[in-house]
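# Understanding the architecture of this molecule
Below are the chains, spelled out letter by letter.
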Amino acid sequence: MAGRWMNFGMYRAEGVPGRDALAAGVERMVTGIASPADTDRGIAARLRYLTASHAGYQAMERAGINVTRRTLHAWLAEERSPTPANRAKLDDAYWDLRRHNVAADLKRRLMSQGGTRIEIDPVDQSRVERRHRRDLQVRHLNVRPRIWDAAVNAWLEEDESTLDAIWDDLIHDLGSDYDSYSYVSSIGWNA
Amino acid sequence: MGGELEGVEALLAEARRAAAMPDPAERLRLRQAAGLSRPQVAGAVGVEPQTVANWETGRTEPAPPARGKYLRLLEGLAEIHPTPKEPRPATDEPAPRAAADLPRQPVPPAAPQHPAESPAARAARAGHERHQERRRTTSADHTREELGQLVTGAVHEELTKAGGDAESAMDKLAKRAIPDVMRLFAATRKTARYEYTAYPALPDILRKPRKDAPDLIWEARPSWRHPGHRRHPDGDLHVTALDANAAYLSAMKTWLPIGRLEHSATGEHDKKRSGVHLITPPPWHHPELPSPLGDREEAGPLWITEATLRLLLRLAGPKHRLLDPPVIHESWTSSATENFLDALRQILATVRANALASGDDVTAHYVKAMYSKFVSTMGESHNNRDITRPDWMHIVRAQAFANLWGRAFKAHQAGLTVISAMGTDELHLAGDWHTVFTEGRGLSEMKVKTDRDGVPVHYTVARSSR
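### Observations concerning the pairing of strand β2 (residues 116-122) of chain A
All names here are of chain A.
- Summarising burial for β2: 6 of the 7 residues are buried, a large majority.
- Summarising the sheet, β2 and strand β3 (residues 139-143) pair through 5 bridges and their orientation is antiparallel. Bridge assignment links Ile 118 to a residue of β3, and that residue is Leu 141.
- In terms of strand pairing, β2 meets strand β4 (residues 183-189) through 5 bridges, oriented antiparallel. Bridging across to β4, Pro 122 finds its partner in Val 184.

### Examining the domain arrangement of chain A
Residues and elements named next belong to chain A.
- Parsing chain A into structural domains produces domain 1 (16-30 + 109-189) and domain 2 (40-102).
- A separation of 34 Å is found between the C-alpha centroids of domain 1 and domain 2.
- In this complex, domain 1 contributes 4 residues to the contact, which on the side of domain 2 involves 5 residues.
- Here domain 1 and domain 2 share an interface that buries about 400 Å² over both sides, 70% of which is from carbon and sulfur atoms.
- Among the residues of domain 1 in contact with domain 2, Glu 27, Val 30 and Leu 156 are the three that bury the most area, contributing 83% of the side total.
- If you look at where domain 1 meets domain 2, you find 1 salt bridge.

### Some remarks on the packing of aromatic side chains
Residues and elements named next belong to chain B.
- Applying the stated criterion across every chain, the model contains 13 aromatic pairs over all chains.
- Seen from their ring centres, Trp 284 and Trp 405 are 6.0 Å apart, and the 75 degrees between their planes marks the pair as edge-to-face. Note that Trp 284 is positioned in the loop between β7 (273-280) and β8 (302-305) and Trp 405 in helix α15 (residues 390-413), a separation of 121 residues in sequence.
- A centroid spacing of 5.2 Å and a plane angle of 20 degrees characterise the contact between Trp 405 and Phe 409, whose relative ring orientation is stacked. A residue pair is termed a helical-turn pair when its members lie 3 or 4 positions apart in one helix, as Trp 405 and Phe 409 do in helix α15 at 4 residues. The pair Trp 405 / Phe 409 is uniform in exposure class, with both members buried.
- A network of ring pairs unites the aromatic residues Phe 185, Tyr 196, Phe 340, Phe 374 and Trp 392 as a single cluster.
- Stacked on the ring of Phe 340, the Lys or Arg Arg 189 has its end atom at 3.9 Å from the ring centre.

### A short note on the pattern of salt bridges
Residue and element names in this part refer to chain B.
- Counted according to the given criterion, the structure contains 35 salt bridges over all chains.
- With a shortest N-O distance of 2.8 Å, Arg 345 and Asp 342 are connected by a salt bridge. A residue pair is termed a helical-turn pair when its members lie 3 or 4 positions apart in one helix, as Arg 345 and Asp 342 do in helix α13 (residues 342-357) at 3 residues. This pair shows no difference in class: Arg 345 is buried, exactly as Asp 342 is.

Each value, and the rule that gives it
- Residues numbered from 1 in each chain as written.
- Chains lettered and ligands numbered in written order.
- Predicted model: local features only at pLDDT ≥ 70, side-chain atom pairs only at ≥ 80, totals over all residues.
- Heavy atoms only, no water.
- Buried < 20%, exposed > 50% of the residue type's maximum accessible area, 1.4 Å probe, protein only.
- Helix = DSSP H or I, 4+ residues; strand = E, 2+ residues; numbered from the N terminus.
- Pairing = 2+ DSSP bridges.
- Domains from an automatic or database assignment.
- Contact = heavy atoms within 4.5 Å.
- Buried area = accessible area lost by both parts, 1.4 Å probe.
- Salt bridge = Lys/Arg side-chain N within 4 Å of Asp/Glu carboxyl O.
- Phe/Tyr/Trp six-rings, centres within 6.5 Å; stacked < 30°, edge-to-face > 60°.
- Lys NZ or Arg CZ within 6 Å of the ring centre and 35° of its normal.

Pasting the structure below:
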């Protein structure tokens, strides 16, 4: 992580690392089943999604769902309903698979039209004493397709160090005070 | 017989006047020379003020039935204020301004013994007037006109594509309303002083717990009926249901926070800032008026927006003293301006007024889609990812409700009985509402609500026995 924020938060600035804000922004673009996993409707929809493909069964395996075929059929037929522990696992498996499935679409949305322009909201310094404040503005950056490609891949693999490297690389374009943006309060874009 | 001949004579007189119709600049000069305002002329002639403005800029030409009255007015004004064809005597007025403004171009002194102006002097005068005319239209006017043409251009484009089929053009326009209004908004911000934040970090109170669940902000939507009256066919009070026009468009003029909201717990209201506030509302002791907090059933603290807070503070102020000032516990605010969406509002309002004056339903419909969708999607919406400002959305809506409350209060003060105030724009009044509001479709006017079959909504109420 770049920057002269040696001890971030020492003077009560508030923010999150840029990599986290970037990942959260990609995460916000993911949509899926709206019903929560603790409702019958939500569980039925998740089961239907997960049992529709081979990748779905693999996702369930990765999430640690070890049930017999018989149990799975009983869940699908809604004769029995999963235990709370299994519901949580089903939810994890669903979102895992969903992220993999929508990644290509997210990339397309972010990369078409030559990339996407992002808005960077600097850290919140309202509680910082005036003499310790930095002069920070809202900044905009054009993020190019190859960077989005790498960023979405890193987000998918939850690879924090790559995301961090990508963010450091990006904010170099902001000029001499780039390292003030290694922490931000939020990032947004339209894609 | 005589009546018919009179009609013919009148037509002939109108035709004679139409043949000698003054050019647009002269129309403007005559009105200004007489010191008349556009609404005055418009009222006398029976058109919208914007139409008179269009006649005076030459955008449109007067057409019957208003043409006759307008020409008669111009004819009369021309007799009172004749065209200054000849230079006025020096004793009458100070020297023409041309001499002062254009020192390098010598203007021959207008001596009374030389009634005819020389060609050079005439050229100087014309040049001066053109120059003044150009200076009067500022670059802001130009920008506004250009942006207005973005809207009319889109309508023209879709109508051409649809081959003149208004229905399908309207559908297409409704679909592109959100990206179009965002483009228009961005264009109005091009030369603006403040850079706003489109994707700020939001405090938790502005986050929806789920996609389909609301956040904590109370917008003070009214849904109120007078408790002392009930609807009755033999009632003695006659009620008219009124609608405010384009309520959300008017509400765009409101104090909006520019940047990210910051927390404070000082409990004081800063007039230069705007946002959302945690208050304990004062009790409301006026059963004949809706509460400015809307139909809230819960007592106790709640989060309200800037628009509602300003209304409460105004009503608690020395002018009204209708309630106690609210107790402010916490605030999330940012430095604010009231003119943030004003450029956009003005453009849309002008296009809307022009469309209504010329009976252009397609444009009016499109403008409505633009401002209403702009307000409804500026929070978190998958249909509009250009901006995520739920605080603005709440404030604009709350402003619309506050405006409606203001109208109810105005009617109440004028002696009318407010029977009901509902939703964004609905106001039911007993008594002669024409004494308070003008009827029409302008932003400051009210129109009579019509039911599904287009019949105006009137009913009677009786005092309930309590």
